[in-house]
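The primary structure of each chain is shown beneath.
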Amino acid sequence: MDKKEILRYLNYKNQILDEKTKIYLNESIEEVEKYSNIRYTYKIYKIKSISEEIIQLENSKIQLKGKSINKLLINCNKVIIFAATLGINIDKKIKYLEKINLAKGIIFNTTSSVYIDEICDEIEKELKLKYKSHIFTKRYSPGYGDLKLNIQYDILEELNASKSCGIYTDEYNNLIPIKTITALIGIKKI
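Reference entry: report on the structure contained in this document. (Residues numbered from 1 in each chain as written. Predicted model: local features only at pLDDT ≥ 70, side-chain atom pairs only at ≥ 80, totals over all residues. Heavy atoms only, no water.)

**Regarding the packing of aromatic side chains**
Next, step 1: Per the stated rule, a full pass over the model turns up one aromatic pair.
Next, step 2: Relative to Tyr144, the ring of Tyr140 lies with its centre 5.2 Å away and its plane at 85°, an arrangement referred to as edge-to-face. (Phe/Tyr/Trp six-rings, centres within 6.5 Å; stacked < 30°, edge-to-face > 60°.)

**So, the environment of Asp146**
Next, step 1: Mapping Asp146 onto the fold places it in the loop between strand E5 (134–136) and helix H6 (152–159).
Next, step 2: In sequence terms Asp146 and Lys65 are 81 residues apart; their C-alpha atoms lie 7.9 Å from each other.
Next, step 3: In this view, Asp146 contacts Lys65, Gly66, Lys67, Ser68, Ile69 and Tyr140; residues no more than four positions away in its chain are not counted.
Next, step 4: A distance of 2.8 Å separates a polar side-chain atom of Asp146 from the backbone nitrogen of Lys67.
Next, step 5: Within the local environment of Asp146, its side chain forms a polar contact with the side chain of Ser68, the two groups lying 2.5 Å apart. (Helix = DSSP H or I, 4+ residues; strand = E, 2+ residues; numbered from the N terminus. Contact = heavy atoms within 4.5 Å. Polar contact = N/O pair within 3.5 Å; in protein donor to acceptor, adjacent residues only side chain to side chain.)

**A word on the layout of surface pockets**
Next, step 1: The volume enclosed by the largest pocket comes to roughly 200 Å³.
Next, step 2: Forming the boundary of the largest pocket are 14 residues, of which Ser141, Leu175, Thr180, Ile181 and Thr182 lie nearest the centre.
Next, step 3: A total of three residues in the lining of the largest pocket trace back to one element, the largest contributor, which is strand E8 (residues 180–189).
Next, step 4: Grouping the constituent residues of the lining of the largest pocket by class yields six nonpolar, six polar and two charged. (1 Å grid on protein atoms, 1.4 Å probe; cavity = no way out; pocket = protein on both sides within 12 Å on 5 of 7 lines; lining within 4 Å. Points joined across faces, edges and corners; volume = space filled by probe spheres on them. Nonpolar A, V, L, I, M, F, W, Y, C, P; charged D, E, K, R; others polar.)

**Things to note about the pairing of E8**
Within a regular strand, side chains alternate between the sheet's two faces.
Next, step 1: Across the ten residues of E8, eight count as buried, placing the element largely inside the fold.
Next, step 2: Direction of pairing for strand E4 (residues 78–85) relative to E8: antiparallel, over a ladder of eight bridges. Bridge pairing in E8 places Ile81 opposite Leu184. (Buried < 20%, exposed > 50% of the residue type's maximum accessible area, 1.4 Å probe, protein only. Pairing = 2+ DSSP bridges.)

**Focus: the nonpolar core**
Within soluble globular proteins, side chains that are nonpolar tend to cluster in buried spots.
Next, step 1: By size, the foremost hydrophobic cluster in this structure holds 24 residues, and its most contacted members are Leu57, Leu64, Ile69, Leu73 and Ile81.
Next, step 2: Contributions of two or more residues to this core are made by strand E1 (39–50), strand E2 (54–57), helix H3 (67–73), E4, H6 and helix H7 (161–165).
Next, step 3: Discounting chain neighbours no more than four positions away, the residues touching Leu64 are Glu53, Ile54, Ile55, Leu57, Ile69, Leu73, Leu147, Ile151 and Leu184.
Next, step 4: In terms of nonpolar packing, the next biggest core, distinct from the first, is built from 21 residues, Ile80, Ala84, Leu127 and Phe136 among them. (Core = buried A, V, L, I, M, F, W, Y, C linked by side-chain atoms within 4.5 Å.)

**Some details on the packing of helix H4 (residues 88–100) against helix H5 (residues 102–130)**
Next, step 1: Remark: H4 packs on H5, axes separated minimally by 6 Å, with the N-to-C direction vectors making an angle of 155°. The pairing of H4 with H5 is recorded here as roughly antiparallel in orientation. Here the hand of the crossing between H4 and H5 comes out left-handed. On H5, the residues that touch Ile90, Lys93, Ile94, Leu97, Glu98 and Ile100 of H4 are Leu102, Lys104, Gly105, Phe108, Asn109 and Ser112.
Next, step 2: Looking at the contact of H4 with H5, its residues break down into six nonpolar, three polar and three charged. (Axes fitted to C-alpha atoms, helices over the stretch in contact; angles between N-to-C directions. Parallel < 35°, antiparallel > 145°, perpendicular 65-115°, else oblique. Left-handed = near helix turned anticlockwise from the far one by under 90°.)

By themselves these figures say nothing about function.
Right under this line is the structure:
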(Lines give C-alpha, C1' and ligand atoms only; values in the text may rest on other atoms or scores of the structure.)
Protein backbone atom coordinates (compact mmCIF):
# COMPACT_ATOMS: atom_id res chain seq x y z
CA MET A 1 0.00 0.00 0.00
CA ASP A 2 1.23 3.46 -0.90
CA LYS A 3 2.15 5.31 2.34
CA LYS A 4 2.65 8.58 0.47
CA GLU A 5 -0.90 8.37 -0.86
CA ILE A 6 -2.29 7.68 2.61
CA LEU A 7 -0.42 10.70 3.97
CA ARG A 8 -1.68 12.82 1.06
CA TYR A 9 -5.25 11.80 1.92
CA LEU A 10 -4.50 12.80 5.53
CA ASN A 11 -3.29 16.21 4.28
CA TYR A 12 0.33 15.73 5.29
CA LYS A 13 2.64 17.96 3.28
CA ASN A 14 6.27 17.18 4.01
CA GLN A 15 5.77 17.28 7.78
CA ILE A 16 7.91 15.04 9.91
CA LEU A 17 5.77 12.23 11.31
CA ASP A 18 5.82 11.71 15.04
CA GLU A 19 6.45 8.16 16.27
CA LYS A 20 2.85 7.52 17.26
CA THR A 21 1.60 8.47 13.79
CA LYS A 22 4.22 6.21 12.17
CA ILE A 23 3.08 3.32 14.37
CA TYR A 24 -0.61 3.95 13.61
CA LEU A 25 0.14 4.17 9.90
CA ASN A 26 2.10 0.90 9.81
CA GLU A 27 -0.46 -0.90 11.99
CA SER A 28 -3.31 0.40 9.83
CA ILE A 29 -1.72 -0.86 6.62
CA GLU A 30 -1.22 -4.29 8.17
CA GLU A 31 -4.71 -4.42 9.70
CA VAL A 32 -6.56 -3.15 6.61
CA GLU A 33 -4.97 -5.92 4.56
CA LYS A 34 -5.76 -8.44 7.33
CA TYR A 35 -9.42 -7.47 7.85
CA SER A 36 -10.34 -6.90 4.20
CA ASN A 37 -12.52 -9.40 2.44
CA ILE A 38 -12.01 -8.10 -1.10
CA ARG A 39 -14.82 -8.92 -3.48
CA TYR A 40 -15.79 -7.50 -6.81
CA THR A 41 -18.01 -8.14 -9.78
CA TYR A 42 -18.46 -6.59 -13.18
CA LYS A 43 -20.47 -6.82 -16.38
CA ILE A 44 -19.96 -5.40 -19.82
CA TYR A 45 -22.92 -3.86 -21.62
CA LYS A 46 -23.27 -2.73 -25.20
CA ILE A 47 -24.43 0.85 -25.49
CA LYS A 48 -27.82 0.74 -27.17
CA SER A 49 -28.30 4.44 -27.69
CA ILE A 50 -26.91 7.80 -26.65
CA SER A 51 -29.19 10.81 -26.68
CA GLU A 52 -28.40 14.27 -25.37
CA GLU A 53 -28.53 13.29 -21.69
CA ILE A 54 -29.55 9.59 -21.49
CA ILE A 55 -27.52 6.52 -22.37
CA GLN A 56 -29.44 3.27 -22.77
CA LEU A 57 -27.63 -0.05 -22.32
CA GLU A 58 -28.62 -3.29 -24.05
CA ASN A 59 -30.26 -5.90 -21.81
CA SER A 60 -30.21 -3.56 -18.83
CA LYS A 61 -32.63 -1.31 -17.02
CA ILE A 62 -29.78 1.06 -16.16
CA GLN A 63 -30.17 4.49 -17.74
CA LEU A 64 -27.13 6.69 -17.45
CA LYS A 65 -28.30 10.28 -17.19
CA GLY A 66 -26.19 13.39 -17.32
CA LYS A 67 -24.02 15.48 -19.56
CA SER A 68 -20.81 14.37 -17.86
CA ILE A 69 -21.37 10.62 -18.41
CA ASN A 70 -22.56 11.35 -21.95
CA LYS A 71 -19.33 13.21 -22.66
CA LEU A 72 -17.28 10.33 -21.23
CA LEU A 73 -19.04 7.60 -23.23
CA ILE A 74 -19.84 9.46 -26.47
CA ASN A 75 -17.25 7.55 -28.56
CA CYS A 76 -17.65 4.18 -26.80
CA ASN A 77 -19.67 1.19 -27.92
CA LYS A 78 -19.58 -0.65 -24.58
CA VAL A 79 -19.41 0.16 -20.90
CA ILE A 80 -17.94 -1.89 -18.06
CA ILE A 81 -19.85 -1.50 -14.81
CA PHE A 82 -18.27 -2.84 -11.65
CA ALA A 83 -18.54 -2.88 -7.88
CA ALA A 84 -15.72 -3.61 -5.45
CA THR A 85 -15.64 -3.75 -1.66
CA LEU A 86 -13.29 -4.37 1.24
CA GLY A 87 -16.17 -5.94 3.18
CA ILE A 88 -18.09 -5.32 6.36
CA ASN A 89 -15.20 -6.19 8.73
CA ILE A 90 -13.50 -2.94 7.74
CA ASP A 91 -16.64 -0.98 8.73
CA LYS A 92 -16.72 -2.73 12.10
CA LYS A 93 -13.03 -2.03 12.71
CA ILE A 94 -13.44 1.66 11.79
CA LYS A 95 -16.35 2.06 14.23
CA TYR A 96 -14.44 0.25 16.96
CA LEU A 97 -11.26 2.30 16.53
CA GLU A 98 -13.14 5.60 16.39
CA LYS A 99 -14.56 4.82 19.84
CA ILE A 100 -11.32 3.77 21.51
CA ASN A 101 -8.62 5.70 19.63
CA LEU A 102 -9.85 8.45 17.31
CA ALA A 103 -6.41 9.23 15.86
CA LYS A 104 -5.83 5.60 14.86
CA GLY A 105 -9.44 5.34 13.66
CA ILE A 106 -8.90 8.26 11.27
CA ILE A 107 -5.67 6.75 9.94
CA PHE A 108 -7.28 3.31 9.58
CA ASN A 109 -10.30 4.83 7.79
CA THR A 110 -8.03 6.75 5.42
CA THR A 111 -5.85 3.70 4.80
CA SER A 112 -9.01 1.76 3.90
CA SER A 113 -9.99 4.44 1.38
CA VAL A 114 -6.59 4.28 -0.28
CA TYR A 115 -6.73 0.48 -0.33
CA ILE A 116 -10.12 0.28 -2.08
CA ASP A 117 -8.85 2.78 -4.68
CA GLU A 118 -5.78 0.61 -5.22
CA ILE A 119 -8.01 -2.46 -5.58
CA CYS A 120 -10.05 -0.65 -8.24
CA ASP A 121 -6.80 0.28 -10.03
CA GLU A 122 -5.88 -3.42 -10.06
CA ILE A 123 -9.31 -4.42 -11.38
CA GLU A 124 -8.92 -1.85 -14.13
CA LYS A 125 -5.45 -3.22 -15.02
CA GLU A 126 -6.88 -6.75 -15.13
CA LEU A 127 -9.67 -5.62 -17.46
CA LYS A 128 -7.22 -3.81 -19.72
CA LEU A 129 -5.18 -7.00 -20.05
CA LYS A 130 -8.29 -9.03 -20.77
CA TYR A 131 -9.57 -6.55 -23.38
CA LYS A 132 -6.27 -5.50 -24.98
CA SER A 133 -7.93 -4.61 -28.26
CA HIS A 134 -9.99 -1.85 -26.62
CA ILE A 135 -9.42 1.75 -25.63
CA PHE A 136 -10.59 2.56 -22.09
CA THR A 137 -11.96 5.81 -20.69
CA LYS A 138 -11.12 6.87 -17.16
CA ARG A 139 -13.02 5.27 -14.29
CA TYR A 140 -16.17 7.19 -13.41
CA SER A 141 -18.42 6.70 -10.39
CA PRO A 142 -21.94 7.77 -9.43
CA GLY A 143 -21.67 11.15 -7.74
CA TYR A 144 -19.06 12.43 -10.21
CA GLY A 145 -20.22 15.36 -12.32
CA ASP A 146 -23.97 15.15 -12.78
CA LEU A 147 -24.23 11.34 -12.63
CA LYS A 148 -26.61 10.96 -9.68
CA LEU A 149 -25.98 8.68 -6.71
CA ASN A 150 -29.46 7.20 -7.03
CA ILE A 151 -28.16 4.96 -9.83
CA GLN A 152 -26.22 2.94 -7.22
CA TYR A 153 -29.21 0.71 -6.47
CA ASP A 154 -29.74 -0.20 -10.13
CA ILE A 155 -26.04 -0.91 -10.61
CA LEU A 156 -25.93 -3.24 -7.61
CA GLU A 157 -29.11 -4.98 -8.73
CA GLU A 158 -27.82 -5.50 -12.29
CA LEU A 159 -24.52 -6.88 -10.95
CA ASN A 160 -26.28 -9.02 -8.34
CA ALA A 161 -23.74 -7.45 -5.98
CA SER A 162 -25.72 -8.04 -2.80
CA LYS A 163 -25.42 -11.81 -3.28
CA SER A 164 -22.00 -11.97 -4.91
CA CYS A 165 -20.23 -9.32 -2.83
CA GLY A 166 -22.46 -8.37 0.11
CA ILE A 167 -22.94 -4.80 -1.17
CA TYR A 168 -26.11 -2.80 -0.52
CA THR A 169 -27.30 0.80 -0.52
CA ASP A 170 -29.03 2.64 2.28
CA GLU A 171 -32.04 4.93 1.79
CA TYR A 172 -29.68 7.78 0.83
CA ASN A 173 -27.91 5.71 -1.87
CA ASN A 174 -24.74 5.36 0.20
CA LEU A 175 -22.93 2.08 -0.31
CA ILE A 176 -22.69 -0.50 2.45
CA PRO A 177 -20.02 -1.59 3.33
CA ILE A 178 -18.67 1.96 3.30
CA LYS A 179 -15.35 1.03 1.70
CA THR A 180 -17.07 0.11 -1.55
CA ILE A 181 -16.87 1.63 -5.00
CA THR A 182 -19.13 1.34 -8.01
CA ALA A 183 -17.75 2.59 -11.28
CA LEU A 184 -18.17 2.69 -15.03
CA ILE A 185 -15.50 2.54 -17.71
CA GLY A 186 -16.29 3.16 -21.35
CA ILE A 187 -14.56 0.95 -23.90
CA LYS A 188 -14.20 1.04 -27.65
CA LYS A 189 -12.63 -1.57 -29.90
CA ILE A 190 -9.47 -0.32 -31.62
